[in-house]
Amino acid sequence: LTFDLGNGQRAVALPVDRINSLGGLIQADDHIDLIYSVRLKLTRVLPTQPLAVQDSTTGYAKSDTLVLPPPGSASSSKTYPYPGEPGSTFTVNDLQAGDPVAKIVLQNLKVLRVIAGNATVAGPATTNTTAKTASATATPTPTTNQLPNDDLLILAVDPQQAEVIKFVQDNGGNYQVALRATNDTSTATTKGVDYNQLVTNYGLPVPQTVTLPGGQ
């Protein structure tokens, strides 16, 4: 395997299920992109009038009270993306798990090997030292290890890409493998996808706002 790596490259194993491996159709020398999706937990304040909040530097700042400008002003166009009904002031929290986002994080990764999840690999050889005679010699016996049920894509990457793959595997979320066409080395430029993109660019319908009684 080391002879298949170029200078500065590393080989990493990416576990994939049968959906990600395209039913087992991905083969050595194919090239793939890696799409990562995860949930980000954010808190957004959506007031329709100025909202007073406490500054975290209480006792150290010139003013211990921070007043946010009303929505619609030039300075707050990015602060309040979705104004509420007139007269209502409320706080909207994302789902407990957070808002989903997805983005292509790595592109044009070469597949060096594809190892089926039911394969058995040989480990280091061990020598049986029992029941030896003076004329007999010990014969090394290789140990065997069963791989996980998932398939493994052995990828050629640079050190930075290796860190990204490690992060993707260890910090929640999901990843999807996308197979590239033969000789397609172009870099795809995408904005990623979240609910805002689906609403704005793809027409995902959203429910109407609700007017709360008493202006609260």
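It should be noted that the structure appears before, not after, this text.
Residues numbered from 1 in each chain as written. Predicted model: local features only at pLDDT ≥ 70, side-chain atom pairs only at ≥ 80, totals over all residues. Heavy atoms only, no water.

Trainee: How would you sum up the overall build of the protein? Please name residues and give values.
Mentor: A tally of helices and strands in the protein yields two helices and twelve strands. Counting from the amino terminus, the protein carries its helices and strands in the arrangement β-β-β-β-β-β-β-β-β-β-α-β-β-α. When the 216 residues of the protein are sorted by exposure, 20% land in the buried category. Long-range pairs, those at least 24 residues apart, make up 77% of the contacts in the protein with a sequence separation of at least 6. Per element, the accessible surface of the protein, about 14900 Å² overall, is 55% carbon and sulfur. (Helix = DSSP H or I, 4+ residues; strand = E, 2+ residues; numbered from the N terminus. Buried < 20%, exposed > 50% of the residue type's maximum accessible area, 1.4 Å probe, protein only. Contact = heavy atoms within 4.5 Å. Areas by Shrake-Rupley, 256 points an atom, 1.4 Å probe, with all protein chains shown as cover.)

Trainee: Quick rundown of the environment of Asn 108? Include the residues and the values.
Mentor: Turning to its location among the elements, Asn 108 is positioned in strand S7 (residues 99–115). Remark: the alpha-carbon pair of Asn 108 and Asp 184, spanning 76 residues in sequence, is separated by 8.2 Å.

Trainee: Run through the pattern of salt bridges, naming residues and quoting values.
Mentor: All chains considered together, the criterion is met by six salt bridges. With a closest N to O distance of 2.8 Å, Arg 113 and Asp 4 form a salt bridge. Separated by 109 residues along the polypeptide, Arg 113 in strand S7 and Asp 4 in the segment before strand S1 (10–16) bring together distant segments of the chain. When its relative accessible area of 35% is taken as the criterion, Arg 113 is described as partly exposed. (Salt bridge = Lys/Arg side-chain N within 4 Å of Asp/Glu carboxyl O.)

Trainee: Break down helix H1 (residues 159–170) for me, with residues and values.
Mentor: Taking 1.5 Å of rise per residue, twelve residues should cover 16 Å, and H1 covers 17 Å from first to last C-alpha, within 8% of that figure. Those residues of H1 lying buried are Gln 161, Ala 162, Ile 165 and Val 168. In a view along the axis of H1, the buried residues occupy a sector of 125 degrees, so they form one face of it. For H1, the exposed residues lying more than 90 degrees away from the buried face are Gln 160, Glu 163 and Lys 166. On its buried side, H1 packs onto S1, strand S2 (31–40), S7, strand S10 (151–157) and strand S11 (174–179). (Expected span 1.5 Å × (residues − 1). Arc of directions from axis to C-beta.)

Trainee: Hey, could you go over the pairing of S2 for me, with residue numbers and the actual values?
Mentor: Pairing between S2 and S7: nine bridges, direction antiparallel. Bridge pairing in S7 links Leu 40 to Asp 99. Pairing of S2 with S11 involves six bridges; the strand directions are antiparallel. Bridge assignment links Tyr 36 to a residue of S11, and that residue is Tyr 175. (Pairing = 2+ DSSP bridges.)

Trainee: Summarise the side chain of Gln 197; cite the residues concerned and give the values.
Mentor: Within the secondary structure, Gln 197 sits in helix H2 (residues 195–202). By relative accessible area, which is 19% here, Gln 197 ends up buried. The contact partners of Gln 197, leaving out residues within four places of it in the chain, are Lys 191, Gly 192 and Tyr 202.

Trainee: Which residues make up unusual backbone geometry, and what are the values?
Mentor: The backbone of Leu 22 shows a phi angle near 55 degrees, a positive value even though the residue is not glycine. One can find Leu 22 in the loop between S1 and S2. Assessed through its relative accessible area of 32%, Leu 22 is described here as partly exposed. The residue Asp 29 is not glycine, and still its phi comes out positive at about 80 degrees. Here Asp 29 shows up in the loop between S1 and S2. You can call Asp 29 exposed: its relative accessible area is 53%.

Trainee: Could you give an account of the nonpolar core, with specific residues and numbers?
Mentor: One finds Leu 14, Ile 32, Leu 153, Leu 155, Ile 165 and Val 177 to be the most contacted residues of the largest nonpolar core, which totals 18 residues. Those elements that place two or more of their residues in this core are S1, S2, S7, S10, H1 and S11. Discounting residues that sit within four places of it in the chain, Ile 165 has contacts with Val 12, Leu 14, Leu 34, Leu 106, Leu 109, Leu 155 and Val 157. (Core = buried A, V, L, I, M, F, W, Y, C linked by side-chain atoms within 4.5 Å.)

Trainee: If you had to explain the side chain of Asp 151 to someone new, which residues and values would you point to?
Mentor: Note that Asp 151 resides in strand S10. A polar side-chain atom of Asp 151 sits 2.9 Å from a polar atom in the side chain of Arg 18. Asp 151 has contacts with Leu 14, Pro 15, Val 16, Arg 18, Ser 21, Ile 115, Ala 116 and Gly 117, leaving out every residue within four places of it along the chain. (Polar contact = N/O pair within 3.5 Å; in protein donor to acceptor, adjacent residues only side chain to side chain.)

None of this, on its own, says anything about what the molecule does.
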